[in-house]
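In case you want the letters, here they are:
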Amino acid sequence: MIRFESVTKCYPDGTLAVDDLSFEVGTGELVTLVGPSGCGKTTTMMMVNRLLDPTHGRIFVDGADISGADPVTLRRRIGYVIQQTGLFPHRTVLDNTATVPVLSGWKKARARARAAELLDLVGLDPAVYGPRYPEQLSGGQRQRVGVARALAADPPVLLMDEPFGAVDPVVRDRLQKEFLRLQAELRKTVLLVTHDIEEAVRLGDRIAVYGAGRIEQYDTPASVLGAP
Ligand code: ADP
Ligand code: ADP
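Residues numbered from 1 in each chain as written. Chains lettered and ligands numbered in written order. Predicted model: local features only at pLDDT ≥ 70, side-chain atom pairs only at ≥ 80, totals over all residues. Heavy atoms only, no water.

As recorded by an unreviewed UniProt entry, the chain carries the name ABC-type quaternary amine transporter and is attributed to Streptomyces kasugaensis. What UniProt records for the chain under Sequence similarities (unreviewed entry) is the sentence "Belongs to the ABC transporter superfamily." (UniProt positions renumbered as here; feature names shortened; annotations may be inferred.)

(A) Looking closely at the packing of helix α5 (residues 108-121) against helix α7 (residues 139-151). In contact at an axis separation of 9 Å, α5 and α7 are set at 135° when each is read in the N-to-C sense. One element, α5, and the other, α7, form an angle in the oblique class. Where α5 crosses over α7, the handedness of that crossing is right-handed. On the side of α5, the interface is formed by R114, L118 and L119, while α7 contributes V145, A148 and L151. (Axes fitted to C-alpha atoms, helices over the stretch in contact; angles between N-to-C directions. Helix = DSSP H or I, 4+ residues; strand = E, 2+ residues; numbered from the N terminus. Parallel < 35°, antiparallel > 145°, perpendicular 65-115°, else oblique. Left-handed = near helix turned anticlockwise from the far one by under 90°. Contact = heavy atoms within 4.5 Å.)

(B) Structural view of the site of ligand 2. In the vicinity of ligand 2, the contacting residues are Y129, R132, E135, Q136, L137, S138, G140, Q141, V171 and R174. E135 is positioned with one of its backbone polar atoms (N or O) 3.1 Å from a nitrogen atom of ligand 2. Take Q141: an N or O atom from its side chain is 2.9 Å from an oxygen atom of ligand 2. Protein contacts shield 48% of the accessible area of ligand 2, which totals 560 Å² for the unbound molecule. Elements represented by at least two residues in the shell around ligand 2 include exactly α7 and α8 (169-186). (Near = heavy atom within 4 Å. Polar contact = N/O pair within 3.5 Å; in protein donor to acceptor, adjacent residues only side chain to side chain. Areas by Shrake-Rupley, 256 points an atom, 1.4 Å probe, with all protein chains shown as cover.)

Dropping the structure here:
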């Protein structure tokens, strides 16, 4: 579903962020990218929705080489969740969640109905939280809105960059549980970046363990934990 073929990313200043990376994520599979800060996880992920393009190598989504894809069209099929959620502060939670469907040309009423369903799905009553503004939510609730928004256009692929990193451990634990339940139902193809090995093990069907610019191990949680 997502395939990296000998992908290298060198930034203009000469930093080699990703070095000859090849791996594949199956349809409906959740792969966690784990490793210390600066080892190339975010760079890897941002190449999938063409926020960055590789210096060398090719990336395929659903069998198609994305180097020829229109980034805007591509991003409609790829939900993106980041740590600080990037919610629009002057839009309500409901309108934030409806953003992508509206941009994709859905009628406003349909987009809002869909947004309400999604808020419900992530555990926020749309009647209560839909009309609020992001600053009127707790950190955990904002993070849930971020997930709902990424899911709103029903993309087959989700990219998540430290999605549960900005909340306290208790909230993180709850969000992880909820997300696992959601993923069991939705079966999205997910790349999830974390620097927390426990989170990687808990959430991942497979784990890509990064060292500087490279994947050092790519295996199931049991095998990664059992490794010498
Ligand atoms: P991670 O997500 O694992 O923390 P990143 O992919 O963000 O790692 O960064 C990988 C490497 O690329 C790091 O050395 C980082 O400093 C460097 N880097 C990231 N973005 C840029 C950029 N825009 N220009 C130059 N170097 C960058
Ligand atoms: P969570 O466990 O989801 O992070 P919190 O314990 O941080 O939730 O918040 C508890 C309650 O307080 C939530 O129902 C949230 O709606 C409310 N709340 C938090 N921050 C604010 C705020 N700035 N304005 C209004 N309500 C808030």
